[in-house]
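Geometric and topological summary
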Amino acid sequence: MSEANSGPPAVVGSGAAISVRGVGKTYQASAGPVQALLPTDLEVAPGEFVVLLGPSGCGKTTLLRMLAGLISPTEGTIGIGDKPLFTGRNSTPDRDALGSLGFVFQAPNLMPWRKVWRNIALPLEGKGTTRAERRERAAEMAEKVGLADFLDHYPKALSGGMQQRVAIARALIHRPSILLMDEPFGALDAMTRDQMNLLLQQLWLDTGKTIVLVTHSITEAVFLADRVVLLSQRPGRVQDVVDVEFARPRDLAVTAEPHFGEQVGHLRKQLGGHR
Amino acid sequence: MASEPQAPTTRDPSGTRRETGPRWLLWVTTPLILAAFIGGWKLYTIVFDIGELILPPPEDVWFALIELLGQPMIYQATYVTFYETMVGFLIAVVFGVALGIVLGKVRSLERVLSPFLVATQVVPKVAIVPLLLLWFGFGLTSKIFMAAIISFFVMTQNTILGIRSIEPGHRDLMRVIQAPWWKRVISLDIPAALPAVLTGIELGIVFAITGAIVGEYLGGDEGLGALATVMLASLRTDQLFAVVIIMTLLGFLLYAVVAGIRRFAIPWHESSGRATSL
């Protein structure tokens with residue numbers, strides 16, 4: 001796990017954490033085929049924080065779900081590390097490649113019948129770990145997301161922001177090198193969202209994970225990202241890639257800087273006034 | 001840590017706190033309502049001078065009940081009804097829930113079978129009793145089948161509902177963490193479907209006792225239902241009422257046990273606070 005996050009994004013090409021080559025997705029709807037994502041290329045360097053930004057229906061979630069092996073691309077290849085994620089069309093995703101991924105959904109997707117620590121430890125179950133080990137590792141992760149005191153609570157006793165913290169802890173419990181996040185803070189209020197952004201940045205700086213985060217919030221994208229990948233309205237395609245070079249760790253004051261405003265304005269203009 | 005966690009909001013499981021009154025409320029209201037009911041009953045028999053063959057006054061029913069409880073045959077009859085209900089119910093649980101799981105998982109199969117399932121439900125079950133008597137005789141077997149048939153469908157339906165209501169997000173989660181199929185069954189399918197399945201079982205026990213008693217009414221000489229027909233034939237309306245009260249108590253008891261199991265099995269679930277399905 002490298003600690004070098006503050007440097008510029010690593011060279012695109014070999015050694016990428018995620019490589020997307022010509023990946024597209026066409027759904028077969030009853031009214032005919034719907035192209036959700038045009039063939040897309042994207043390389044994510046190890047330790048890089050990439051944000052996929054776009055309006056709803058731009059295929060950003062589709063792309064992320066393909067990276068997680070939840071749906072398979074209709075064309076192109078995805079590489080996780082040096083392994084192809086899919087070894088042929090419609091095949092099941094590669095187990096090792098999937099094992100190096102953590103996924104945070106839009107909804108926390110916590111199991112209401114499990115206490116917080118058992119929700120966090122779920123990915124470790126059935127993988128040769130004892131209950132005591134799982135509890136210990138869950139406690140460790142809970143501490144990192146600021147939930148050390150809530151291990152034995154049921155999810156329904158937690159607020160939305162805290163539930164999403166549990167979800168983040170769960171996504172990281174098996175020590176993946178890559179974290180995929182699908183609009184993880186979209187359902188939270190603005191203040192909680194700011195807190196979660198700061199927490200996420202800190203986690204990222206501490207652990208050196210590669211993060212791909214999907215959002216439709218321009219400020220969130222610019223605040224978090226090393227690189228913002230702007231996707232256009234359906235059919236989705238990469239419209240622009242913007243490097244964001246504010247020093248880390250960024251605090252909320254960075255959003256008041258003129259250059260921050262310029263970058264937000266640039267992105268907003270390309271989105272055609274969206275948000 | 002970059003930020004402080006928010007204080008936990010302890011919410012009522014249903015989202016909003018509904019005022020249901022103090023804990024002792026039922027202990028006061030239940031006897032009061034019961035007393036009012038019995039008082040009204042007594043008044044009605046006096047004011048309208050109802051013959052005791054039609055509606056015996058409450059004290060007659062009370063004495064009949066005491067008298068019945070002094071005889072061993074009432075216990076024998078209660079046991080028979082209990083036995084039929086439980087065996088029929090357990091058969092229905094096993095087959096009903098199993099079928100529900102299969103149909104819930106395999107949608108195409110449910111589509112193929114659903115007209116037939118509905119058909120078996122629209123047939124008035126009481127009309128089948130003569131057939132059951134013909135096939136299984138006047139003994140306990142025909143009643144067991146009646147109890148099973150009548151309670152089966154509601155459990156299948158609820159199990160299908162439970163399996164269907166598993167959240168897609170949870171399924172995605174299990175795929176992302178590469179849970180093997182057995183892990184998905186144990187850690188997702190069963191706990192997620194359990195509330196609906198238990199609701200079905202809760203309803204099923206009530207149907208089962210109804211089935212057993214209807215079976216007894218229509219044929220055979222054992223059980224509370226048969227006893228009721230004997231009371232009717234000998235024009236002992238007071239004793240008939242007493243038997244109905246015993247049936248009610250038996251039903252209450254069985255329902256309470258099943259509802260208790262529900263609360264014990266899914267303490268996390270919103271419905272566990274109180275039985276709402278009846």
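We now turn to the structure provided with this report. It should be emphasised that the depicted structure is a prediction, and the values quoted were computed from it without experimental measurement.

1. Some details on the interface of chain A and chain B
- Contacts between chain A and chain B engage 32 residues on the former and 23 residues on the latter.
- Secondary-structure elements contributing two or more residues to the side of chain A that touches chain B are α2 (95-99), α5 (160-172) and α6 (190-207) of chain A.
- If you tally residues by element for the side of chain A that touches chain B, the top one is α6 of chain A, at five residues.
- The residue makeup of the side of chain A that touches chain B, split by class, is 19 nonpolar, 10 polar and three charged.

2. A word on the environment of Asp251 of chain A
Residues and elements named next belong to chain A.
- Turning to its location among the elements, Asp251 is positioned in the loop between β10 (238-243) and α8 (258-270).
- Classification of Asp251 by C-beta neighbours within 10 Å gives exposed; the count is 11.
- Between the C-alpha atoms of Asp251 and Asp194, which are 57 residues apart in sequence, the distance is 9.7 Å.

3. Quick word on the pairing of strand β4 (residues 75-80) of chain A
Residues and elements named next belong to chain A.
- Pairing between strand β1 (residues 18-29) and β4: five bridges, direction antiparallel. When the bridges of β4 are listed, Gly24 appears paired with Glu75.
- Between the end of β4 and the start of strand β5 (residues 83-84), which pair antiparallel, lie two residues, with Gly81 showing a positive phi angle near 60°.

4. Re α5 of chain A
Residue and element names in this part refer to chain A.
- Helix length check: α5, at 13 residues, gives a terminal C-alpha distance of 19 Å against a target of 18 Å (1.5 Å per residue), a fit within 8%.
- The buried fraction of α5 amounts to 12 of the 13 residues, a majority that puts the element mostly inside the structure.
- Inspection of α5 places Gly161, Met162, Gln163, Gln164, Arg165, Val166, Ala167, Ile168, Ala169, Arg170, Ala171 and Leu172 among the buried residues, and these make up the whole buried set.

5. Considering unusual backbone geometry
- Here the residue pair Arg248 of chain A and Pro249 of chain A is connected by a cis peptide bond, since its omega of -10° sits within 30 degrees of zero.
- For Pro249 of chain A, the position within the fold is in the loop between β10 and α8.
- One non-glycine residue with positive phi stands out, namely Asp49 of chain B, at about 50°.
- Residue position: Asp49 of chain B is located in the loop between α1 (25-47) and α2 (58-69).

6. Looking at the pairing of strand β3 (residues 49-53) of chain A
Residues and elements named next belong to chain A.
- In terms of burial, β3 is largely enclosed, as five of its five residues are buried.
- With burial as the criterion, each face of β3 is covered, one bearing Phe49, Val51 and Leu53 and the other bearing Val50 and Leu52.
- Summarising the sheet, β3 and strand β8 (residues 210-215) pair through five bridges and their orientation is parallel. The partner of Phe49 across the bridge, within β8, is Ile211.
- The pairing of β3 with strand β9 (residues 227-231) spans four bridges and is parallel. Within β9, the residue paired with Leu53 across the bridge is Leu230.

Parameters at a glance
- Residues numbered from 1 in each chain as written.
- Chains lettered and ligands numbered in written order.
- Predicted model: local features only at pLDDT ≥ 70, side-chain atom pairs only at ≥ 80, totals over all residues.
- Contact = placed C-beta atoms within 7 Å.
- Helix = DSSP H or I, 4+ residues; strand = E, 2+ residues; numbered from the N terminus.
- Nonpolar A, V, L, I, M, F, W, Y, C, P; charged D, E, K, R; others polar.
- Buried ≥ 20, exposed ≤ 12 C-beta atoms within 10 Å, placed from the backbone.
- Pairing = 2+ DSSP bridges.
- Expected span 1.5 Å × (residues − 1).

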